[in-house]
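Listed here are the chains, written in short residue letters.
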Amino acid sequence: SAIGATEPLGFWDPCGFCKDRDAATFLKYRGAELKHGRVAMLSIIGFLGQPYWRFPGFENVPDGINALSSGPAGAGFAC
């Protein structure tokens, strides 16, 4: 009685990724989904925090494409 595997439906797979209905494949995809979900949660924190958080030494770097022409940030792109 694993989460996502219910009788009589079997594994919940609306896109048909586990057509062979193998438990190992289901667990592999479920683990990958959890990992991708965690990465997505961390990335939205970074996306929302960009205007407010700066790395030490980069406090005065302008936002957007103008960052490439500034001294400390442009050095990383060899401009």
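Throughout, a residue's number is its position along its own chain's written sequence, starting from 1. In keeping with the model being predicted, local features are shown solely for residues with a pLDDT of at least 70 and side-chain atom pairs are shown and tallied solely at 80 or more, while totals for entire chains, interfaces and linings include all residues. Computation of side-chain values: all heavy atoms of the structure, hydrogens and water removed.

**Quick notes on the overall build of the protein**
Summing up its helical and strand segments, the protein has 2 helices and 2 strands in all. When its helices and strands are written in sequence order, the protein yields β-β-α-α. Only protein chains enter the accessibility calculation, which uses a 1.4 Å probe; a residue is then buried when its area is under 20% of its type maximum, exposed when over 50%, and partly exposed in between. Considering the protein as a whole, with its 79 residues, one finds that 13% of them fall into the buried category. Only the protein chains shown count as cover for residues, with accessible areas throughout obtained via the Shrake-Rupley method and a probe of 1.4 Å. Counting only carbon and sulfur atoms, one obtains 66% of the accessible surface of the protein, whose full area is about 6,900 Å². Helix and strand labels come from DSSP, where a helix needs a run of H or I of at least four residues and a strand needs a run of E of at least two; each type is numbered from the N terminus.

**Examining the confidence of the model for the protein**
The quantity called pLDDT is the predictor's confidence in a given residue, expressed from 0 to 100. Model confidence for the protein is summarised by a mean pLDDT of 78, while 75% of its residues fall at 70 or above. Mean pLDDT across the elements of the protein bottoms out in strand β1 (residues 5–6) (63) and peaks in helix α1 (residues 23–49) (89).

**Section: a nonpolar patch on the surface**
Together, L42, I44, I45, F47, L48, Y52 and W53 make up a nonpolar patch on the protein surface, roughly 880 Å² of accessible area in all. Taking the relative accessible area as the measure of exposure, L42 reaches 61% and is therefore exposed. Residues forming no salt bridge and having over 30% relative accessible area are the ones grouped into patches, like charges within 9 Å of each other and nonpolar side chains (Val, Leu, Ile, Met, Phe, Trp, Tyr) within 5 Å. By definition here, a salt bridge exists when the distance from a side-chain nitrogen of Lys or Arg to a carboxyl oxygen of Asp or Glu is within 4 Å.

**Quick notes on α1**
Multiplying 1.5 Å by the helix residue count minus one yields the expected span of that helix. Compared with an ideal rise of 1.5 Å per residue, which puts 27 residues at 39 Å, α1 spans 39 Å between its outermost C-alpha atoms and is within 8% of the ideal. Among the residues of α1, T25, F26 and G49 are the ones counted as buried.

**Some remarks on the environment of R54**
Structurally, R54 is set in the loop between α1 and α2 (71–74). Working rule for contacts: check all heavy atoms of both residues, and any pair within 4.5 Å makes them a contact. When sequence neighbours within four positions are dropped, the list of residues in contact with R54 reads E59, V61 and D63. Each polar contact in these results corresponds to two N or O atoms within 3.5 Å; when the atoms are within protein, one needs to be able to donate a hydrogen and the other to accept it, and residues that are neighboring in sequence are counted only if both atoms are side-chain atoms. Looking at R54, its side chain comes within polar contact range of the main-chain oxygen of V61, at 3.4 Å.

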